[in-house]
Amino acid sequence: MTKDELTGYIMQHFSGRLERIENDQPEPYFIVHCDDLTAFARFIHDDPKLLMNFLMNLSAVDTKERFEMVYNVCSYPLKHRLYVKTVLDRDHPEVDTVMGVWPAANWYEREAWELFGIAVRNHPDLTRFLLPDDWNEGHPLRKDWVGKDVVPFPER
Amino acid sequence: MIRKFPVYVEKLPGGNLVATKVNDVFNLTRAKSLWYLLFGTACCAIELMATGASRYDFDRLGMIFRASPRQSDLMIVAGTITLKMAPVVKRLYDQMAEPRYVLAMGGCAIGGGPFYYDSYAVLKGIDKIIPVDVYVPGCPPRPESLLQGCLEVGRKIRTQKMEEWS
């Protein structure tokens, strides 16, 4: 499906809080509300015209006012892609796991927990695996994190 | 026993000469046949592999790679060492048999390299955990630089006395 067909189909058939963002890339870009995320994931995975069965990337973003989780999904049989993100609260970021739809999200969500502090509900094993085993200094990729041994880049 | 060898031999007539010459022979053989531990972590490992390949050969200097620290006497630390990898480096260094030497290859092993600033997870130089003999700068160093670094290790070995092999 082309970008416009995809956008039109999704906006028509999904009953949830969804918003479209204008962009110049060949893939459509949506923002979905964090409570409707699992339903949206299930919809784009199971629908026979969409069949998005490949989660390419899951990353977390920290703009200083809020957290965002960005999902890049793709479809092998129908060869189209889509980007979707959810917006989370800055003080208590929590999101539901999408492992029921794409099991590959396991390690991505663990990474988001470890480096950002985004708690993922219903995750089977939310433990540290990237940082050293005796790490107790917080979540490093947050914008307001200050480390002990970090040497800041000198300003000119 | 090797370290006490000069003490006993010097008591014989002409013993000093024998001790020196034996020392020189041992050092020469050690310097010309440095077996190095394959320890490549990041981009410098590619340069290490390139130096060991056919155009810039390590084998013509007698240097063969060994996979196990127990069978090697030079550890070329090639690549970025993170805080999670640092105990592993220390453990491998402890497992090498003496006399052992360490060559820090590339900016990251010398002092953190391009990741010195603004990084929460990079160990800023391996000389914080193990003693280093030769530093080869570069990001990554050219194979000719690495070959010069290995020859410097050889030169250092040939100036050592038998009592201080460690």
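J.: Could you clarify how one ought to interpret the interface of chain B and chain A in this entry?
T.: Interfaces are often described in size by the accessible area the parts lose on coming together. On the chain A side, the residues contacting the eight residues of chain B number 16 residues. Both faces considered, chain B and chain A share a buried interface measuring about 960 Å² in area, 69% of it formed by carbon and sulfur atoms. At the junction of chain B and chain A, the tally comes to three residue pairs in polar contact (both at pLDDT 80 or more). Its residues assigned to classes, the side of chain B that touches chain A comprises four nonpolar, one polar and three charged.

J.: Could you clarify how one ought to interpret the pairing of strand β3 (residues 54-63) of chain A in this entry?
T.: Within a regular beta strand, the side chains point alternately toward one face of the sheet and then the other, so they alternate between its two faces. Residues and elements named next belong to chain A. The pairing of β3 with strand β4 (residues 66-74) spans nine bridges and is classified as antiparallel. Looking across to β4, one finds that Leu55 is bridged to Val73. The hairpin turn running from β3 into β4, its antiparallel successor, is two residues long.

J.: Looking at this structure, I do not really get the packing of aromatic side chains. What am I missing?
T.: Where two aromatic rings form a pair, the distance of their centres and the angle of their planes describe that pair. Summed over the entire model, instances satisfying the criterion amount to 13 aromatic pairs over all chains. A ring pair is formed by Trp145 of chain A and Tyr120 of chain B, whose centres lie 6.2 Å apart and whose planes are at 85 degrees; its orientation type is edge-to-face. Of this pair, Trp145 of chain A sits in the segment after β7 (119-121) while Tyr120 of chain B sits in the loop between α5 (106-111) and β5 (134-136), each in a different chain. Residue class for Tyr120 of chain B comes out partly exposed when judged on its relative accessible area of 26%. The structure contains a cluster of three or more aromatic residues connected by ring pairs, namely Phe14, Phe30, Phe40 and Phe43 of chain A. In this arrangement the basic side chain of Arg90 of chain A is found over the ring face of Phe67 of chain A, its NZ or CZ atom lying 4.9 Å from the centre. Above the plane of the ring of Phe129 of chain A lies Arg110 of chain A, whose end atom (NZ or CZ) is 4.6 Å from the centre.

J.: How should the sheet that holds β3 of chain A be read in this particular structure?
T.: In a beta sheet, neighbouring strands are held together by backbone hydrogen bonds and run either parallel or antiparallel to one another. Residue and element names in this part refer to chain A. Across the sheet, five strands lie side by side as β1-β2-β5-β4-β3; this open sheet has mixed pairing. The sheet is open, and its two edges are formed by β1 (18-21) and β3, each paired on a single side. Direction aside, neighbouring strands of the sheet carry axes that sit 25 degrees apart on average. Where strand β2 (residues 29-32) meets strand β5 (residues 81-88), four bridges bridge the pair, whose relative direction is parallel. Paired with Ile31 across the bridge in β5 is Lys85.

J.: Would you take a moment to explain the pattern of salt bridges for this structure?
T.: Once the charged atoms of two side chains with opposite charge are near each other, the side chains can pair. Residue and element names in this part refer to chain A. Taken as a whole and judged by the stated rule, the model has 16 salt bridges over all chains. Across the pair Lys85 and Glu68 runs a salt bridge, and its minimum N-O distance is 3.3 Å. Of this pair, Lys85 sits in strand β5 while Glu68 is found in strand β4, placing the two residues 17 residues apart along the sequence. As far as burial versus exposure is concerned, Lys85 and Glu68 are alike and both buried. One salt bridge connects Arg121 with Asp96, and the closest N-O pair in it is separated by 3.2 Å. Of this pair, Arg121 sits in strand β7 while Asp96 sits in strand β6 (residues 94-96); the two residues are 25 residues apart in sequence, bridging distant segments of the chain.

What counts, and where the lines are drawn
Residues numbered from 1 in each chain as written. Chains lettered and ligands numbered in written order. Predicted model: local features only at pLDDT ≥ 70, side-chain atom pairs only at ≥ 80, totals over all residues. Heavy atoms only, no water. Contact = heavy atoms within 4.5 Å. Buried area = accessible area lost by both parts, 1.4 Å probe. Polar contact = N/O pair within 3.5 Å; in protein donor to acceptor, adjacent residues only side chain to side chain. Nonpolar A, V, L, I, M, F, W, Y, C, P; charged D, E, K, R; others polar. Pairing = 2+ DSSP bridges. Helix = DSSP H or I, 4+ residues; strand = E, 2+ residues; numbered from the N terminus. Phe/Tyr/Trp six-rings, centres within 6.5 Å; stacked < 30°, edge-to-face > 60°. Buried < 20%, exposed > 50% of the residue type's maximum accessible area, 1.4 Å probe, protein only. Lys NZ or Arg CZ within 6 Å of the ring centre and 35° of its normal. Axes fitted to C-alpha atoms, helices over the stretch in contact; angles between N-to-C directions. Salt bridge = Lys/Arg side-chain N within 4 Å of Asp/Glu carboxyl O.

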